[in-house]
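# Topology and contacts: notes
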Amino acid sequence: RSLVVVHFWAPWAPQCAQMNEVMAALAKEHTQVTFVQLEAEAVPEVSEKYGISSVPTFLFFKNSQKVDRLDGAHAPELTKKVQRHVAGTSLSPSSSDNAKEDLNARLKKLINAAPCMLFMKGSPKEPRCGFSRQMVEILNKHGVSFSSFDIFSDEEVRQGLKTYSNWPTYPQLYVNGELIGGLDIIKELEASGELDTMCPKAQKLEDRLKSLINKAPVMLFMKGNKQVAKCGFSKQIIEIMNNTGQGLKTFSNWPTYPQLYVKGELVGGLDIVKELKESGELLPVLKGEN
């Protein structure tokens, strides 16, 4: 009935040796917990049964039932999980129902965290399975704007989402809170051309710059802000603007900051603003008269 922590490891992985040292320290602190090291490649049938796709991976068992999982060399998280399970008590049926409701509310919040949400193994920069890598490549190829959640980071989410969406595998793609499917379905949508109409597109940098430049009649791109300028040039241009009564680089072909725009057109940097002030042309320019 005590907690058993099984470390699936490999002798060729240095991070596994580091986590074995962490486990040894935890074993001294929690004598009631049984810590086991299992060489993943030596027991392929066991590794396959529990979905061990990378090392180190830790499984937590109570009463011969798997109750938790941790993928990766995360010493603080391993310590936290051991402490939580040691301190945990058995849930009554009512509290178990409440926990399920809380989890469902959390899953709904995660699914709706962005217009397009990808639940995957790892991150877009470092996918930790081939299916997740292919999914990210397809979304990037089509310029899809998406956020992601690493299901290895939270075992509760990993297991709960399977039940919540009635979809047993990962990755899973959601658009506007609705499950689209896994890799096979995304491939089908890509082939039919539907993927481009279904998923939100990432805004191109040039379009984003145009939008920013035209956000207000007078736009200043500077280092810092109006209250706290973070370079002398930006500070001077703010002072000039304030005194006048007015209260990127590749795109504009202007190599330095600050940069001043009026009605979407580049006026220039500090030197040009100084010249305009001295010639009396600054106010008309800011008003868009010149």
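On a predicted model such as this, the values are computed, not experimentally measured, just so you know.

The rules behind the values
- As a convention, each chain's residues are numbered from 1 in the sequence order in which they are written.
- Residues qualify for local features only when their pLDDT is at least 70, as the model is predicted, and side-chain atom pairs are given and counted only at 80 or more; totals for whole chains, interfaces and linings, by contrast, use all residues.
- Excluding hydrogens and water, the side-chain figures rest on all heavy atoms present in the structure.
- One requirement defines pairing of two strands: DSSP has to find at least two bridges between them.
- For helices the rule is a DSSP run of H or I covering at least 4 residues; for strands it is a run of E covering at least 2, with both sets numbered from the N terminus onward.
- Comment: axis = line fitted to C-alpha atoms, over the contacting stretch for helices; angle = value between 0 and 180 degrees taken between N-to-C directions.
- Definitions used throughout: a 1 Å grid over protein atoms alone; a cavity as a set of points that fits a 1.4 Å probe which cannot get out; a pocket as an open set with protein on both sides within 12 Å along at least five of seven lines; a lining residue as one with an atom within 4 Å of a point.
- Grid points are joined across faces, edges and corners, and a volume is the space filled by probe spheres set on the points.
- The rule is simple: take the accessible area with a 1.4 Å probe, protein chains only, and divide by the maximum for that residue type; under 20% is buried, over 50% is exposed, in between is partly exposed.
- Identification of polar contacts relies on pairs of N or O atoms within 3.5 Å, with a donor-acceptor requirement for protein atoms, meaning one able to donate a hydrogen and the other able to accept it, and with residues adjacent in sequence counted only if both atoms are side-chain atoms.
- For every residue, the predictor assigns a confidence score, pLDDT, that lies between 0 and 100.
- We call two residues in contact when some of their heavy atoms are within 4.5 Å.
- By salt bridge we mean one thing: a side-chain nitrogen of Lys or Arg within 4 Å of a carboxyl oxygen of Asp or Glu.
- To form a nonpolar core, buried Ala, Val, Leu, Ile, Met, Phe, Trp, Tyr and Cys residues must be joined to one another through side-chain atoms within 4.5 Å.

Right, let's talk about the sheet that holds strand 10 (residues 259-262) for a bit. In spatial order, the strands read 9-10-11; together these 3 strands make up an open sheet with antiparallel pairing. Edge positions in the sheet fall to strand 9 (218-221) and strand 11 (265-268), since each of these pairs with one other strand and no more. Between one strand axis and the next, the sheet turns by 30° as a mean value, whatever way the strands run.

So, on to the sheet that holds strand 1 (residues 4-9). An order of 2-1-3-4 is seen for the 4 strands of this open sheet, with the pairing classed as mixed. Either end of the sheet is taken by a strand with one partner, and the two such strands are strand 2 (34-39) and strand 4 (65-71). Neighbour-to-neighbour, the strand axes of this sheet turn through a mean angle of 20°, independent of strand direction.

Attention shifts here to the layout of surface pockets. Counted as a void, the second largest pocket has a volume near 320 Å³. In terms of lining residues, the second largest pocket is bounded by 16 residues, among which Lys121, Phe131, Thr169, Tyr170 and Pro171 are the most central. Secondary structure elements with two or more residues in the lining of the second largest pocket: helix 6 (155-165) and helix 7 (183-192).

This paragraph deals with helix 6. Working note: α-helix, 3.6 residues per turn, so residues spaced by three or four point in the same direction. Of all the positions in helix 6, only Glu155, Val157, Arg158, Gly160, Leu161 and Ser165 are classed as buried. For helix 6, the N-terminal cap is Asp154; the gap from its side-chain oxygen to the backbone nitrogen of Glu156 is 3.0 Å. Asn166 occupies a position one or two residues after helix 6 and carries a positive phi of about 55°.

On to the environment of Pro14. The topology assignment puts Pro14 in helix 1 (residues 14-29). Take Pro14: its relative accessible area is 55%, and that puts it in the exposed class. Between the alpha carbons of Pro14 and Pro56 there is a distance of 9.7 Å; along the sequence they are 42 residues apart.

When pLDDT is averaged across the protein, the result is 85; 89% of the residues are at 70 or more. Segment residues 89-94: pLDDT under 50, and 1 contact once partners within four positions in sequence are set aside and those in other chains are kept.

On to the pattern of salt bridges. Inspection of every chain in the model, using the stated rule, returns 10 salt bridges. Linking Arg106 and Glu156 is a salt bridge whose minimum nitrogen-to-oxygen distance equals 3.5 Å. Of the two residues, Arg106 sits in helix 4 (residues 93-111) while Glu156 sits in helix 6, which places them 50 residues apart along the sequence. Given a relative accessible area of 46%, Glu156 falls into the partly exposed group.

What follows covers the nonpolar core. Formed by 16 residues in total, the largest nonpolar core has its most connected members in Leu118, Met135, Leu139, Phe146, Leu173 and Ile186. Elements that contribute at least two residues to this core include exactly strand 5 (116-120), helix 5 (130-141), strand 7 (172-175) and helix 7. Counting residues per element, this core draws most heavily on helix 5, which supplies 4 residues. When near neighbours in sequence (up to four residues on either side) are disregarded, Leu173 contacts Cys116, Met117, Leu118, Met135, Leu139, Glu178, Leu179, Ile180, Gly181, Ile186 and Cys199.

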